[in-house]
Amino acid sequence: MSKIDFYHVNYENLVINLEPSMNQNHPFRQDTYFGLTVDVLGAGKNCGLRMARGPLPTCRPSHIAIRGEQSTESHMARRKLVYEGKAKILYEGPEPGTLVQYFKDDATAFNAEKKDIVEGKGVLNNRLSEFFMTGLNTLGIPTHFIKSLNMREQLIRAVEIVPLEVIVRNYAAGTMSKRLGIEEGTALPRPIVEFCLKDDSLGDPLVSEEHIIAFNWASQQDLDDMLALALRVNDFLSGVMYGVGIRVADFKIEIGRVYEGDYQRLIIADEISPDSCRLWDLKTGEKFDKDVFRRDLGSLTDAYAEVARRLGVLPENPVPIGKPTLIN
Ligand code: CDP
């Protein structure tokens, strides 16, 4: 076998057992064993390795592992980088009109004035964003998400991002509390949608619909569509999270244009994760979102993992340990 193509081979049930010594105490990491890039699940005694989700590989796993020379690094090096942001990287996808979205462990806040690496955050956000986007797609609320590739990467549709951040608020918090003097946690009379210009150098300023139309950042029709999309996402997100005892105080989405012939459509893009939401425990008010990092409230990974655990999106039964052999 000359090459492993990560896009055309699926490794759902490929499991490699490791000696405990081969795994350090780092859950949610990507590493290379036997020349094969794998996602490491769990840590220490409970460690296990598993490739991306999907059906069984079409070729024998031993071929992949023993003859394959592939590693994430060499694979990524051959890929064309399209864009690197604060928390994600976009690579050219396998087909025109697609991209690979890679979730980094970098955490930033206050317009990148506060920075850190939070081990495992990228894995959690990848899974959570996949979960939310898949749910939206299923309900007919279109998103850029196509399929999961591995623990840090997903295949997405390439879109032309509308240069606006769309914020939906159910409870006062953050800049709304500061700007309007409304105490954090106050229930709003109805969901309020705000638009901010996507411009880090200006600190993503709040803009009015007048600005948006006058400066041609979006048309009136786009605005109406964005408002409708944002409110549908809010109903979905709030409902799903209510089911696991979490309140969605606010969140931000980004929206992209896709062209189908002469026809333009708006779809949800970027990510939906605790990085871009405010999530509060319904009973205790405990925060499970980026405010944990912004305000030094504890472990960000623990907070995001709690959201993932409640939603059931991380595997709970890691693979038992054995000799470092490949099993089918
Ligand atoms: O987050 P911050 O207090 O700076 O601003 P906000 O306007 O209160 O944010 C409202 C919601 O949008 C929060 O859930 C933020 O996490 C999210 N947001 C975001 O994801 N990215 C931004 N650039 C700004 C806000």
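Residues numbered from 1 in each chain as written. Predicted model: local features only at pLDDT ≥ 70, side-chain atom pairs only at ≥ 80, totals over all residues. Heavy atoms only, no water.

### Some details on the overall build of the protein chain
Within the protein chain, the regular secondary structure consists of 8 helices and 18 strands. In the protein chain, which comprises 328 residues, the proportion classed as buried is 51%. Within the protein chain, residue pairs in contact and separated by at least 24 positions form 60% of the contacts whose partners lie at least 6 positions apart. A total accessible area of about 15600 Å² is found for the protein chain, and carbon and sulfur atoms account for 52% of it. (Helix = DSSP H or I, 4+ residues; strand = E, 2+ residues; numbered from the N terminus. Buried < 20%, exposed > 50% of the residue type's maximum accessible area, 1.4 Å probe, protein only. Contact = heavy atoms within 4.5 Å. Areas by Shrake-Rupley, 256 points an atom, 1.4 Å probe, with all protein chains shown as cover.)

### Examining the environment of phenylalanine 131
By secondary structure assignment, the location of phenylalanine 131 is in helix α3 (residues 121-138). Of the residues examined, phenylalanine 131 reaches a relative accessible area of 28% and is grouped as partly exposed. Apart from residues no more than four positions distant in its own chain, phenylalanine 131 is found in contact with Val240, Leu311 and Val313.

### Comments concerning the site of the ligand
The immediate surroundings of the ligand are formed by 15 residues, with Glu165, Arg169, Thr175, Asp250 and Arg278 found nearest. In this structure, arginine 169 approaches the ligand through a side-chain N or O atom, which is 2.7 Å from an oxygen atom. For the ligand, an oxygen atom lies 2.5 Å from a polar atom in the side chain of threonine 175. Burial of the ligand by the surrounding chains reaches 80%, relative to a free accessible area of 500 Å². Within the residue set of the shell around the ligand, elements represented by two or more residues are β12 (160-171), α4 (174-180), β15 (246-260) and β17 (277-281). (Near = heavy atom within 4 Å. Polar contact = N/O pair within 3.5 Å; in protein donor to acceptor, adjacent residues only side chain to side chain.)

### Here we look at the sheet that holds strand β6 (residues 88-92)
Within a sheet, each strand pairs with its neighbour through backbone hydrogen bonds, oriented either parallel or antiparallel. Across the sheet, 5 strands lie side by side as β5-β6-β7-β11-β10; this open sheet has antiparallel pairing. The sheet is open, and its two edges are formed by β5 (81-84) and β10 (145-148), each paired on a single side. This sheet shows a mean twist of 25° between the axes of neighbouring strands, independent of strand direction. Strands β7 (98-103), β10 and β11 (153-157) of the sheet are contacted by α3, whose axis makes an angle of about 130° with β10. (Pairing = 2+ DSSP bridges. Axes fitted to C-alpha atoms, helices over the stretch in contact; angles between N-to-C directions.)

### Comments concerning the packing of aromatic side chains
Centre-to-centre distance and the angle between the planes together describe a pair of aromatic rings. Applying the stated criterion across every chain, the model contains 3 aromatic pairs. Seen from the ring of phenylalanine 293, lysine 114 lies directly overhead, with NZ or CZ sitting 4.9 Å from the centre. (Phe/Tyr/Trp six-rings, centres within 6.5 Å; stacked < 30°, edge-to-face > 60°. Lys NZ or Arg CZ within 6 Å of the ring centre and 35° of its normal.)

### Considerations on the pairing of β12
With 9 of 12 residues buried, β12 lies mostly within the body of the structure. Here 7 bridges tie β12 to β15, and the two strands are oriented antiparallel to one another. Following the sheet pairing, glutamate 165 is matched in β15 by glutamate 254. As defined by bridge partners, β12 adjoins strand β13 (residues 187-197) across 7 bridges and the pair is classed as antiparallel. Of the residues in β13, the one forming a bridge with valine 166 is phenylalanine 195.

### Some thoughts on the pattern of salt bridges
For the structure on display, the rule yields 29 salt bridges. Linking lysine 88 and aspartate 270 is a salt bridge whose minimum nitrogen-to-oxygen distance equals 2.9 Å. One end of the pair, lysine 88, is in strand β6; the other, aspartate 270, is in the loop between β16 (263-269) and β17, with 182 residues separating them in the sequence. The residues lysine 88 and aspartate 270 share a single accessibility class, namely buried. The closest approach of N and O atoms between aspartate 105 and arginine 152, which form a salt bridge, is 3.0 Å. Taken together, the residues aspartate 105 in the loop between β7 and β8 (106-109) and arginine 152 in the loop between β10 and β11 connect sequence positions 47 residues apart. The buried category is assigned to arginine 152, whose relative accessible area is 6%. Via salt bridges that share partners, Arg169, Arg179, Glu184, Glu194, Asp250, Arg278, Lys287, Asp291, Arg294 and Arg295 belong to a single interconnected network. (Salt bridge = Lys/Arg side-chain N within 4 Å of Asp/Glu carboxyl O.)

### Focus: the confidence of the model for the protein chain
Mean pLDDT for the protein chain: 81, with 72% of residues reaching 70 or above. Note on residues 42-77: pLDDT under 50 across the span, and 113 contacts to partners over four residues away in sequence or across chains. Within the model, pLDDT remains below 50 along residues 317-325, and this stretch shows 27 contacts once partners closer than five positions in the same chain are excluded. (pLDDT = per-residue confidence, 0-100.)

### Structural notes on the pairing of β13
When β13 meets strand β14 (residues 206-207), the two strands line up antiparallel, connected through 2 bridges. If you follow cysteine 196 over to β14, its bridge partner there is leucine 206.

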